[in-house]
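Letter by letter, the chains look like this.
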Amino acid sequence: MNRRKFIGTTMLGTAALGLPSVLRAQPGEVNILMIVIDDLNDWVGCLGGHPQAHTPNIDALASMGTNFTHAYCAAPACSPSRANLLTGMLPSTSGVYDNPDIWTEINPDAVGMHTHFGDNGYFTMSGGKIDHRDSGIYWDQRAAAEPARRPPDMMINRMEVTQGNKWDWGPIDLRAEETGDWIIGDWVNQRLLAPPDSPFLLGYGIHRPHTPQHCPRSFYEMFPLSEVQLPPFLEGDLDDIPQSGVDNAARYLHTRVTKNKQWRKAVASYLANSAFVDMLIGRVLDTWDASPLRDDTMIMLTSDHGWHLGQKNHWTKFALWEEATQIPLIFHAPWLPSGVCEQPVTLTDVFPTFVDVCGIPAPGNQLEGESLLPQLMNPLTPRNTPALTTWLPGNHAVRDIRWRYIRYADNTEELYDHDTDPNEWTNLASDPQYDAIKAELGSWMPDDG
Ligand SMILES: [Ca+2]
Ligand SMILES: [Ca+2]
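All figures in this text were calculated on a predicted structure; none of them were measured in a lab.

## Here we look at the coordination of the calcium ion (ligand 2)
Okay, step 1: The calcium ion (ligand 2) binds to the protein through Asp 237 (O), Asp 237 (OD), Asp 240 (OD), Asp 240 (OD) and Trp 425 (O), with metal-donor distances spanning 2.3 to 3.1 Å.
Okay, step 2: On the primary sequence, the residues serving as donors to the calcium ion (ligand 2) are separated as D-x2-D-x184-W. Taken as a pair, Asp 240 in the loop between helix H8 (217-220) and helix H9 (243-248) and Trp 425 in the loop between strand E19 (413-417) and helix H15 (435-442) lie far apart in primary sequence, 185 residues in all.

## A closer look at the coordination of the calcium ion (ligand 1)
Okay, step 1: Taken together, the protein donors to the calcium ion (ligand 1) comprise Asp 38 (OD), Asp 39 (OD), Cys 78 (SG), Asp 304 (OD), Asp 304 (OD) and His 305 (NE2), at separations of 2.1 to 2.7 Å.
Okay, step 2: Note that the calcium ion (ligand 1) binds 6 donor atoms; their angles at the metal cover 51 to 160°, and the shape is irregular.
Okay, step 3: The sequence motif formed by the donor residues of the calcium ion (ligand 1) is D-D-x38-C-x225-D-H. In this pair, Asp 39 is assigned in the loop between strand E1 (31-38) and helix H2 (56-64) and His 305 in the loop between strand E9 (297-303) and strand E10 (308-309), connecting sequence segments 266 residues apart. In this pair, the class of Asp 39 matches that of His 305, namely buried.

## Overview of the environment of Ser 63
Okay, step 1: By secondary structure assignment, the location of Ser 63 is in helix H2.
Okay, step 2: Within the local environment of Ser 63, its side chain forms a polar contact with the backbone oxygen of Ala 60, the two atoms lying 2.9 Å apart.

## Some thoughts on the nonpolar core
Okay, step 1: Core analysis: the biggest nonpolar cluster contains 55 residues, and Ile 35, Ile 37, Ile 58, Val 188 and Ile 281 have the highest contact counts within it.
Okay, step 2: If you list the elements that add at least two residues to this core, you get E1, H2, helix H7 (180-193), strand E7 (200-209), H8, helix H10 (251-259), helix H11 (263-290) and E9.
Okay, step 3: Residue contributions to this core peak at 15 residues, all from H11.
Okay, step 4: Excluding residues within four positions of it along the chain, Ile 58 makes contact with Ile 37, Leu 40, Val 44, Cys 46, Asp 278, Ile 281, Leu 301 and Ile 330.
Okay, step 5: Grouped together as the second largest cluster of nonpolar side chains are 42 residues, Met 298, Leu 347, Val 350 and Val 357 included.

## Some thoughts on the sheet that holds strand E15 (residues 345-346)
Okay, step 1: Sheet architecture is open: 3 strands sit in the order E12-E3-E15, paired in mixed fashion. In the strand order of this sheet, the two ends are held by strand E12 (326-327) and E15, each with one partner.
Okay, step 2: Bridge count for strand E3 (residues 71-72) against E15 is 2 bridges, and the pairing is parallel. The partner of Ala 71 across the bridge, within E15, is Val 345.

Reading guide: rules and limits
Here the residue index of a chain counts from 1 through its sequence in written order. To read the labels, note that chains go from A and ligands from 1, taken in the order they are written. Per-residue local features are limited, in this predicted model, to residues with pLDDT of at least 70; the limit for side-chain atom pairs, both in listing and counting, is 80 or more; totals at the level of whole chains, interfaces and linings are taken over all residues. With hydrogens and water stripped out, all remaining heavy atoms of the structure feed into the side-chain values. Coordination shells were defined by N, O and S atoms within 2.8 Å of each metal, extended to 3.2 Å for Na, K and Ca; water is absent from the atom set, which can make sites look incomplete. Under the scheme used here, helices are H or I runs from DSSP no shorter than 4 residues and strands are E runs no shorter than 2 residues, and both carry numbers assigned from the N terminus. Key to geometry: four donors with every angle between 85 and 135 degrees are tetrahedral; four donors are square planar and six octahedral where opposite donors lie over 155 degrees apart and all remaining angles lie between 65 and 115; all other sites are irregular. The cut-offs for exposure are 20% and 50% of the maximum accessible area for each residue type, with area from a 1.4 Å probe on protein chains only; residues under the lower value are buried, those over the upper are exposed, and the others partly exposed. Each polar contact in these results corresponds to two N or O atoms within 3.5 Å; when the atoms are within protein, one needs to be able to donate a hydrogen and the other to accept it, and residues that are neighboring in sequence are counted only if both atoms are side-chain atoms. We call a set of buried Ala, Val, Leu, Ile, Met, Phe, Trp, Tyr and Cys residues a nonpolar core when their side-chain atoms join them within 4.5 Å. In this analysis, two residues are considered to be in contact whenever any of their non-hydrogen atoms come within 4.5 Å of each other. Only strands that DSSP links by at least two bridges are regarded as paired with each other.

Written out as structure tokens, the structure is:
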């Protein structure tokens, strides 16, 4: 038994004492605080993705709640991932695959989570980036757009890789209190302290560590460049993968980053901005802890997708590999046990979980995921569905507890064994001894090519 499983079992034993409380899932008794971080990968302490990650508040939430250590996005890009979270529909069903795709336009009949909870007696509120485009009209209350996250026209690293200053990172001499992420956090805290009369769904969307990565200098000082560790990297890693995978890697960005000697700075910046985000989450968790409805409020924390920092010569998200698709996913409710769930799950499962926990009906047949309430009650509860991630039509990855199988629209493939190859360096797809595994995993992929 490994340590994580041991923790899960022990916690379950303690928590079983409180099990009758799951009966509390009566309509109108449960509030939800949903924290959605933009572009945060597994570089958090409780997922172990980077040894220098400094995320004590997220880690504390994970130890209080259920930490899903194999959680994945359904699409590795902002717009389709958030559409998936808010509608519970797979990209292959909704047709929302890429950032220009807006789900409220492509699927005007789809019921958003906020609308659905509003229709079922909830008061819905959100601040910051929950949807990719502001779907503010669907919330009962929406924070005013946050102020700029940085001084205008700022360009610190001078790489000019892409247009404007979108692709930039570095410290700014701005107080934390002046950042949009902090200001929206205050707005969320005010709602926690003075909640509405109805049960509520409250969303806190945090922009960082999305680029441009600028945060106060003190957070950069936590990660001296000389001590920052680069992620595992294998020269020639792309040599054993099909052309579709090679073409998908943002190799030009990796060349630019290394040529400009920015790799270490970029890693430090990601760690610094993630530590800044963690500090903001700590403020909201402290407020939740002191709030009048604390004991009736469930917290869910996640990110919309992962992020590469040079692994596989790739930067950004927009890929079907582990680093682009793995996300933190933590649920905590005072009446539920704590534990660690290692089984693969995705953001498709969040809407069904909320519906289940809150005891409200599902929106017709729209939800394609499975409620995680059984795993929240006992993290060892079996679950037979692997995690499906889709990047543009016809390209899919299926992840079970051991394997990642990728199949592109042209039928070329990658297969990785996470038991022996956590960095996904050795593509096993051409070895016939794995044909049965590929067939089984491939059976979960939709036919949308
Ligand atoms: Ca994002
Ligand atoms: Ca390789």
